[in-house]
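Survey of secondary and tertiary structure
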Protein chains: 2
Amino acid sequence: MSQTVDRALSILPLLAQGPADLGQVADRLGVHKSTALRLLRTLHEHGLVYRQQDQRYRLGARLFALAQEAVENLDVREIAHPHLAALNDRTGHTVHLAVHEDGEVLYIDKVESRYPVRMYSRIGKPVAITVAAVAKLLLADLPEPERRALAAKLDYPRYTPRSTPDAAAFLQELATVREQGWATDLGGHEESINCVAAPIRGADGRVVAAMSVSAPNVVVTAEELLALLPLVRRTAEAISHDYSGTTPPKETEESPA
Amino acid sequence: MSQTVDRALSILPLLAQGPADLGQVADRLGVHKSTALRLLRTLHEHGLVYRQQDQRYRLGARLFALAQEAVENLDVREIAHPHLAALNDRTGHTVHLAVHEDGEVLYIDKVESRYPVRMYSRIGKPVAITVAAVAKLLLADLPEPERRALAAKLDYPRYTPRSTPDAAAFLQELATVREQGWATDLGGHEESINCVAAPIRGADGRVVAAMSVSAPNVVVTAEELLALLPLVRRTAEAISHDYSGTTPPKETEESPA
DNA sequence: ATGGGCGTTGCATGGAATGCAACACGGTGA
DNA sequence: TCACCGTGTTGCATTCCATGCAACGCCCAT
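Worth saying up front: this structure is predicted, and the values here are computed from it rather than measured.

Regarding the packing of helix α1 (residues 3-16) of chain A against helix α1 (residues 3-16) of chain B
Remark: α1 of chain A packs on α1 of chain B, axes separated minimally by 8 Å, with the N-to-C direction vectors making an angle of 65°. If you check the angle between α1 of chain A and α1 of chain B, you find them roughly perpendicular. As for how α1 of chain A packs across α1 of chain B, the hand of that crossing is right-handed. Counting all contacts with α1 of chain A, which are made through T4, V5, A8 and L9 of chain A, the residues of α1 of chain B involved are T4, V5, A8 and L9 of chain B.

Below, the structure written as structure tokens:
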């Protein structure tokens, strides 16, 4: 909506792909060098881009700080963390916490597996939305029109033969997940990795986050992992309880002086 | 330099302090509501802010993704990580990696202590620049005028009685650190926590990063921690070697097709 | 029913972002 | 040594676009 800001912000994903010099930025933005220079300077003043010795620009430090502060403001995360850690303690497997935001699902917390063979993932990284167990739970809870709209505009990459092939299959899967209250991903993203997941609900019953336990099947078989389902669900319920308890539903009035 | 972008970016740190509604954002920016709305919309389109159910804005998901990609572009980090992990393995203590950027020093990697009592820190969080051992190393390597200028404009908070009191003391300390090639922080930030740190150098000898080992003195005394200094220095040298080897000094030409 | 608070929209105006052209600078080859 | 690129940088006139205003719609509370 604001051309100048729009251009400036477009620089960030561009630099995320790697450092670039002034000319490259200007070209890829389709603006004059002087314009790009001024935009970059403004970004620089705010610490979002950094100029390295060779004069090329790359993403800046403030970005980390902002992301950190952002994640610390998510109260679900704080409340959930001890539960996730405890679950990791009991099972030894990788535990994830994810939320949905504007058509993306992303991990906001993670407790690493104790086993040497670990799955790759990164906090902040958007997940494979069409196959991840946590994504299914979060999207299954959307109001139907939104769910349909989102399903329609997604891509359905065939990571493996068991990946969700298309929108129809996805919506079908979401219906099932919605019904049963839990979800799995059995080799849908990476052939050898399985996950089981359960939803975390707010006081109004809406799904606010989802958690999962993941393990490669060189460590445990899918059946063994599924056996953990009751435990995972109980953990999710415990978190839901904590969360609903501490966060008064919808009361955003000023706190009593 | 660009008013519009400047205003838009000012919203981010503002939201980092917690969610805010349109009116609050407009007030704190000193602009009309409609202006704030358009800025927020632009930020929203780029995923930097998110609008929660109660219509208030908070920092958005793309910020994480950007921060992640930014950190993955830092090759020092990638090269250093296995060394840090190995050092953590041998000592059991928390190991940090930090870089300097525009007058700030921040952690870009961390391997957690094995001991139950851990120090608090966060990747991405700017460090206490006047007392942290890694900060001393990074700043000690700056050209003298820059070092003086920076020292002059810093604040010198008295975290503890042993915190660096003022610019003069700081510059003195930097000189010492520069001379000896390593640094410590003995209770200068938190009374009970000590660190020893060593520099990581690029092929041209400049300090590109610094690493440290930290432990509370309920776990090991300062003397015991200092005994690890040779090991820390050897590790830093090993990283420097790896880093100089894989990153050809200053050669930013196109890679051979 | 009625008022107040909030977010939202269309529009006229002026300020601010833009592209241009000229400059500065460092490196390269003659 | 000089001239010549290819950078990044600056001042300036034009113009477009961001701005503030005022009016509207909406929801909640009284």
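After that view, the rundown keeps rolling.
Description of the interface of chain B and chain A
Listed per partner, the contact involves 57 residues of chain B and 57 residues of chain A. When the two sides are added together, the surface that chain B and chain A hide from each other amounts to roughly 4800 Å², 62% of it contributed by carbon and sulfur. Area buried by chain B at its contact with chain A is led by M1, F64 and E101 of chain B, which between them contribute 14% of it. Our enumeration of links across chain B and chain A arrives at four salt bridges. Linking R62 of chain A and E104 of chain B is a salt bridge whose minimum nitrogen-to-oxygen distance equals 3.1 Å. Counting across the interface, chain B meets chain A through ten residue pairs in polar contact (both at pLDDT 80 or more). Breaking the side of chain B that touches chain A down by element, the ones donating at least two residues are α1, α3 (33-45), β2 (57-59), α4 (62-72), β3 (94-101) and β4 (104-111) of chain B. The element contributing the most residues to the side of chain B that touches chain A is α4 of chain B, with eleven residues. A class-by-class count of the residues in the side of chain B that touches chain A yields 26 nonpolar, 15 polar and 16 charged.

Brief notes about the protein's contact with DNA strand D
Around DNA strand D, a shell composed of 20 residues is seen, among which Q3, L37 and R41 of chain A together with T35 and R38 of chain B lie nearest. When the atoms of DNA strand D within 4 Å of the protein are grouped by moiety, sugar and phosphate amount to 71% of the total. T4 of chain B places a polar side-chain atom, nitrogen or oxygen, 3.5 Å from a sugar or linking oxygen of DNA strand D. Take the surface near DNA strand D: its biggest share by element is four residues, from helix α3 (residues 33-45) of chain A.

Re the packing of α1 of chain A against helix α2 (residues 22-29) of chain A
All names here are of chain A. Viewed as axis vectors pointing N to C, α1 and α2 meet at an angle of 115°, and their least axial separation amounts to 10 Å. As α1 runs across α2, the sense of the crossing is right-handed. Counted together, R7, S10, I11, L14 and L15 of α1 and V25, R28 and L29 of α2 form the full contact between these two elements. Tallied by class, the residues present in the contact of α1 with α2 amount to five nonpolar, one polar and two charged.

Considering the protein's contact with DNA strand C
Taken together, the neighbourhood of DNA strand C is formed by 19 residues, with T35 of chain A together with Q3, T4, L37 and R41 of chain B sitting nearest. Restricting the count to atoms of DNA strand C within 4 Å of the protein gives a sugar and phosphate share of 71%. The backbone of T4 of chain B places a nitrogen or oxygen atom 2.8 Å from a phosphate oxygen of DNA strand C. A distance of 3.1 Å separates a phosphate oxygen of DNA strand C from a polar atom in the backbone of L22 of chain B. Broken down by element, the surface near DNA strand C gets its largest block of residues, four residues, from α3 of chain B. Here the surface near DNA strand C is composed, by residue class, of three nonpolar, ten polar and six charged.

Considerations on the relation of the copies chain B and chain A
Think of it as a corkscrew move, a rotation about one axis and a shift along it, taking one chain copy to the other. The two copies are related by a screw operation: chain B maps onto chain A through 180° of rotation and 0.0 Å of translation along the axis, at an RMSD of 0.1 Å. Read as a symmetry element, the transformation amounts to a two-fold axis. Rotation axis and chain B: the residue whose C-alpha lies nearest the axis is V5 of chain B, separated from it by 2.5 Å. The residues that chain B uses at the interface reappear at the interface of chain A in 100% of cases, marking a shared surface.

Quick look at the sheet that holds strand β6 (residues 193-201) of chain B
All names here are of chain B. Ordered by their spatial adjacency, five strands build an open sheet running β4-β3-β7-β6-β5, and the pairing between neighbours is antiparallel. The strands lining the two open edges of the sheet, one partner per strand, are β4 and β5 (183-186). Strand-to-strand, the axes of this sheet are offset by a mean angle of 25°, without reference to chain direction. When β3 meets strand β7 (residues 207-216), the two strands line up antiparallel, connected through five bridges. Pairing of T94 across the sheet is with S214, part of β7. The strands touched by helix α5 (residues 75-91) within the sheet are β3, β4, β6 and β7, with β4 carrying the most contacts at an inclination of about 55°. Its contacts with the sheet place helix α6 (residues 133-140) against β3, β4, β5, β6 and β7, and it is angled at close to 160° to β7.

As for the packing of aromatic side chains
All names here are of chain A. For the structure shown, the criterion picks out two aromatic pairs over all chains. Between Y156 and F170, the aromatic rings sit 5.8 Å apart at their centres with planes inclined by 70°, giving edge-to-face as the arrangement. Of this pair, Y156 sits in the loop between α7 (144-153) and α8 (167-180) while F170 sits in helix α8, and the two are 14 residues apart along the sequence. Both residues of the pair, Y156 and F170, count as buried.

Parameters and conventions
- Residues numbered from 1 in each chain as written.
- Chains lettered and ligands numbered in written order.
- Predicted model: local features only at pLDDT ≥ 70, side-chain atom pairs only at ≥ 80, totals over all residues.
- Heavy atoms only, no water.
- Axes fitted to C-alpha atoms, helices over the stretch in contact; angles between N-to-C directions.
- Helix = DSSP H or I, 4+ residues; strand = E, 2+ residues; numbered from the N terminus.
- Parallel < 35°, antiparallel > 145°, perpendicular 65-115°, else oblique.
- Left-handed = near helix turned anticlockwise from the far one by under 90°.
- Contact = heavy atoms within 4.5 Å.
- Buried area = accessible area lost by both parts, 1.4 Å probe.
- Salt bridge = Lys/Arg side-chain N within 4 Å of Asp/Glu carboxyl O.
- Polar contact = N/O pair within 3.5 Å; in protein donor to acceptor, adjacent residues only side chain to side chain.
- Nonpolar A, V, L, I, M, F, W, Y, C, P; charged D, E, K, R; others polar.
- Near = heavy atom within 4 Å.
- Least-squares fit on C-alpha atoms with pLDDT ≥ 70 in both.
- Pairing = 2+ DSSP bridges.
- Phe/Tyr/Trp six-rings, centres within 6.5 Å; stacked < 30°, edge-to-face > 60°.
- Buried < 20%, exposed > 50% of the residue type's maximum accessible area, 1.4 Å probe, protein only.

By themselves, these are just geometric observations and shouldn't be taken as functional.
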